[in-house]
Amino acid sequence: MQVTETLNEGLKRKLSVTIPAKDLVTRLDAKLVELKGQASIKGFRPGKVPTAHLKKVYGRSAMSEVMQDAINATVSETLDGRSERAAAQPKVDLPSDQALINDVLDGKADLAFDVEYEVLPPVKLMELKGVKLTRPVVDVTEEEIDAEVNRVFAQNRGYEDKGDEGVVETGDRLGLSFVGKVDGKPFDGGTSDHAHLTVGSGEFIPGFEEQLVGMKKGESREVKVTFPKDYQSEELAGKKAVFDVTVLHVDGPNAGELNDEFAKKLGVDDVAALREAVKGQMQQALASMSRQHVKRQILDALDEGHKFDVPGQLVDAEFEQIWNRVKHEVEAHGRSFEDEGTTEEAAREQYRTIAERRVRLGLVVAEIGNVNNVDVTEEEHQQALIAEVRRFQGQEQQVYDYYRKNPQALAGLRAPVFENKVVDFVSELAEQTDKKMSRAELAKLIQADEDDVPEEHHH
């Protein structure tokens, strides 16, 4: 076997490889011996077919299989010998001259071909000790627990349709359709065909719910509001908006009392236990948001601390995945890039940068895990599968079967678990400072993270 390097530029490599005819013939003979034991040809007892006859019957097709195996084995051996890892499947370029290929198939000519690939770059890790992080700490206030307990009560005591003549009062649960506009233009997330709202719950923008009181089923009204200055979406913060709202149905709450009897119906002993359960859930949700923001800071620090070229093939594949989703989102909402305040070209550039960041971070995260023996246990992999299956209520069996039949999809569930373990490993080494803040401030931080680099996710 002869290998000549014809290109070595950045991460790109091109090799010219020749496998001598005699090597192919040796491989073919071994293949024919294997076939001899299996072939059943009329007029011959199993295993007794002469090799020459086999060669006549199977020669060409066996040789093309031999050729494919020889190419794969040679490429793999060559890369091992060069201590290189290909970023993606190497591209093999065979001669296009059919007469030459026929000579190779007949064992009369050497097989010469080109191999093109990109190598995975070596990753030199930054010093992970002492990365500075801010950990948001949010205390759940008694008022917030009261509001949440009341929401649970309102949700579970049930509602009754007030009928066609029902007039909206505080405490009613409504079905609404609406279109929200800022400066006469609909904005993202401001439209719904059928939203549910409990009047007085404060779920919507301040001033919105009060303006619905007194409306009737089927009635439409313009609701004018101003987004709070600290609203989580910066494009909308402090802006005046007009909503065209139609009431689809009005449901009044059933009578009932928030007492131990009610708490028992929800499976807890008393109101005090209900408060504890609600508090626990709220703390869990806040801790998860806090972790999300810390993770984002870690990924930003890793991105900042590692600057190296990444394989174009991997960036292209990652970009295609993101771009298809982005285009689908924009089209599904009947919007254009111009509506979003950008152009397709600028958006492509932005998402290409994100794709590059993801690929680089993916390589860095893999290397940190590799060097520090961070691994996903079989048990953790199973837990990830169970969590994924549980997301699809009523379809658990189909989802489970899908993963069982698709090893690649199942392996894909390891990636986020692995990434989170590496993030935890880095956060252990980091210098963390706790910072007290309100729930709204934390929500705003998370929103800003997502606006900056949407859908952070690495493979």
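Please refer to the structure placed before this passage.
Asks: Pulling in residues and values, what's your account of the sheet that holds strand β1 (residues 2-9)?
Replies: If you trace the 4 strands from one edge of the open sheet to the other, you get β1-β2-β4-β3, paired in antiparallel fashion. The open sheet has two edge strands with one neighbour each: β1 and β3 (91-93). When strand polarity is set aside, the average angle formed by the axes of neighbouring strands in this sheet is 20°. Here β1 pairs with strand β2 (residues 12-19) via 7 bridges, running antiparallel. Residue Glu5 lies in a different strand from β2, and its bridge partner there is Leu15. Seen against the sheet, helix α2 (residues 51-81) touches β1, β2, β3 and β4 (111-118) and runs at an angle of roughly 50° to β4.

Asks: Lay out the environment of Asp193 with the relevant residues and their values.
Replies: With respect to the helices, strands and loops of the structure, Asp193 is situated in strand β8 (residues 185-198). On the basis of relative accessible area, Asp193 is assigned to the exposed category, the value being 68%. Distance in space between the C-alpha atoms of Asp193 and Gly238 is 25 Å, their sequence separation being 45 residues. Those residues within four positions of Asp193 in sequence are excluded, and the remaining contacts are Leu176, Ser177 and Leu248.

Asks: An account of a negative patch on the surface is needed here, citing residue identities and associated values.
Replies: A contiguous patch of negative charge, built from Asp188, Glu234, Glu235, Glu329, Glu450 and Asp451, is present on the exposed surface. By the secondary structure assignment, Glu329 is in helix α7 (residues 312-332).

Asks: How would you sum up the pairing of β8? Please name residues and give values.
Replies: Sheet analysis places strand β7 (residues 173-182) next to β8, joined by 8 bridges and oriented antiparallel. Bridge pairing links Gly175 to His196 in β8. Counted along the chain from β7 to the antiparallel partner β8, the turn is 2 residues long, and its residue Asp183 has a positive phi close to 55°.

Asks: Break down the packing of aromatic side chains for me, with residues and values.
Replies: For the coordinates displayed, the defined rule picks out 13 aromatic pairs. Relative to Tyr231, the ring of Phe227 lies with its centre 4.8 Å away and its plane at 55°, an arrangement referred to as tilted. Ring centres 5.7 Å apart and planes at 15° place the aromatic pair Phe319 and Trp323 in the stacked group. With Phe319 and Trp323 both in helix α7 and 4 residues apart, the pair spans about one turn of that helix. Each residue in the set Phe178, Phe187, Phe204, Phe208, Phe227, Tyr231 and Phe243 is aromatic and connected to the rest through ring pairs, giving one cluster. Sitting above the plane of the Phe319 ring, Arg352 keeps its charged end 5.7 Å from the centroid. Sitting over the ring of Phe308, Arg360 keeps its end group 5.7 Å from the ring centre.

Analysis parameters
Residues numbered from 1 in each chain as written. Predicted model: local features only at pLDDT ≥ 70, side-chain atom pairs only at ≥ 80, totals over all residues. Heavy atoms only, no water. Pairing = 2+ DSSP bridges. Helix = DSSP H or I, 4+ residues; strand = E, 2+ residues; numbered from the N terminus. Axes fitted to C-alpha atoms, helices over the stretch in contact; angles between N-to-C directions. Contact = heavy atoms within 4.5 Å. Buried < 20%, exposed > 50% of the residue type's maximum accessible area, 1.4 Å probe, protein only. Patch = residues over 30% accessible without salt bridge, like charges linked within 9 Å, V, L, I, M, F, W, Y side chains within 5 Å. Areas by Shrake-Rupley, 256 points an atom, 1.4 Å probe, with all protein chains shown as cover. Salt bridge = Lys/Arg side-chain N within 4 Å of Asp/Glu carboxyl O. Lys, Arg positive; Asp, Glu negative; His and termini not counted. Charge placed at Lys NZ, Arg CZ, Asp CG, Glu CD. Phe/Tyr/Trp six-rings, centres within 6.5 Å; stacked < 30°, edge-to-face > 60°. Lys NZ or Arg CZ within 6 Å of the ring centre and 35° of its normal.

Everything listed is a geometric property; what it means functionally is a separate question.
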